[in-house]
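The primary structure of each chain is shown beneath.
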Amino acid sequence: MNSACISKGLSFSPPAHSRNDWIGPPDKHSNLRPVIFYVPPEESPLERRLREARQESQACDQRFWARHNRTFRQEKEEFIYSRLKAKGLEMRDETGQKATLNAEEMADFYKDFLSKNFRKHMQYNRDWYKRNFTITFLMGQVALARTLRWLRWKKKNVGN
């Protein structure tokens, strides 16, 4: 396995000869699919800026959703426990199955959780749009630079 993959805690690694980005299995904390970005041997400074912006965006998304999902699961368990306790029930029924609440009761939790985290989601969305606008702009610059490089190469080779 690639040492860069091990250091990032990824459970997969693309073959050494791969010339593409690789998308891995969903992360168990964030549910996001991590990407291992291909680094071309002659990556230009602009291409490097684009790749690094994409990597940083992926890292930001990973941190946000891992933290968000952890909070969600914890608060959901606390909510279920408090509702069951108020009903005089245990977390597990007599057969050992985990006790559950009905959809209406859970709807209360989901509504409260979303309301309580509204500002976090709005800030995340603003940051996401900023990052992705930057990435899109850099992608346009990279595409233009590659096109110009190809046209110069074609002009040079057609003239010979």
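These remarks concern the structure in this document. (Residues numbered from 1 in each chain as written. Predicted model: local features only at pLDDT ≥ 70, side-chain atom pairs only at ≥ 80, totals over all residues. Heavy atoms only, no water.)

### Section: unusual backbone geometry
Part 1: Of note in the backbone geometry, Asn31 takes a positive phi value of approximately 70° without being a glycine.
Part 2: With respect to the helices and strands, Asn31 occurs in the loop between strand E1 (22–23) and strand E2 (35–36). (Helix = DSSP H or I, 4+ residues; strand = E, 2+ residues; numbered from the N terminus.)

### Points about a positive patch on the surface
Part 1: A contiguous patch of positive charge, built from Arg67, Arg70, Arg73 and Lys120, is present on the exposed surface.
Part 2: Sort the elements by how many residues they give to the positive patch and helix H2 (residues 45–86) lands first, with three residues.
Part 3: As for its position among the elements, Lys120 is in helix H4 (residues 118–158).
Part 4: Overall, the relative accessible area of 52% leaves Lys120 in the exposed class. (Patch = residues over 30% accessible without salt bridge, like charges linked within 9 Å, V, L, I, M, F, W, Y side chains within 5 Å. Areas by Shrake-Rupley, 256 points an atom, 1.4 Å probe, with all protein chains shown as cover. Salt bridge = Lys/Arg side-chain N within 4 Å of Asp/Glu carboxyl O. Lys, Arg positive; Asp, Glu negative; His and termini not counted. Charge placed at Lys NZ, Arg CZ, Asp CG, Glu CD. Buried < 20%, exposed > 50% of the residue type's maximum accessible area, 1.4 Å probe, protein only.)

### Section: the side chain of Arg131
Part 1: Relative to the helices and strands, Arg131 resides in helix H4.
Part 2: Once residues within four sequence positions are removed from consideration, Arg131 is found in contact with Ser57, Cys60, Asp61 and Tyr124. (Contact = heavy atoms within 4.5 Å.)

### As for a nonpolar patch on the surface
Part 1: Taken together, the side chains of Leu144, Leu148, Trp150, Leu151 and Trp153 present a nonpolar region at the surface, about 540 Å² in accessible area.
Part 2: Examined against the element boundaries, Leu148 turns out to sit in helix H4.
Part 3: On the basis of relative accessible area, Leu148 is assigned to the partly exposed category, the value being 38%.

These figures capture arrangement, not role.
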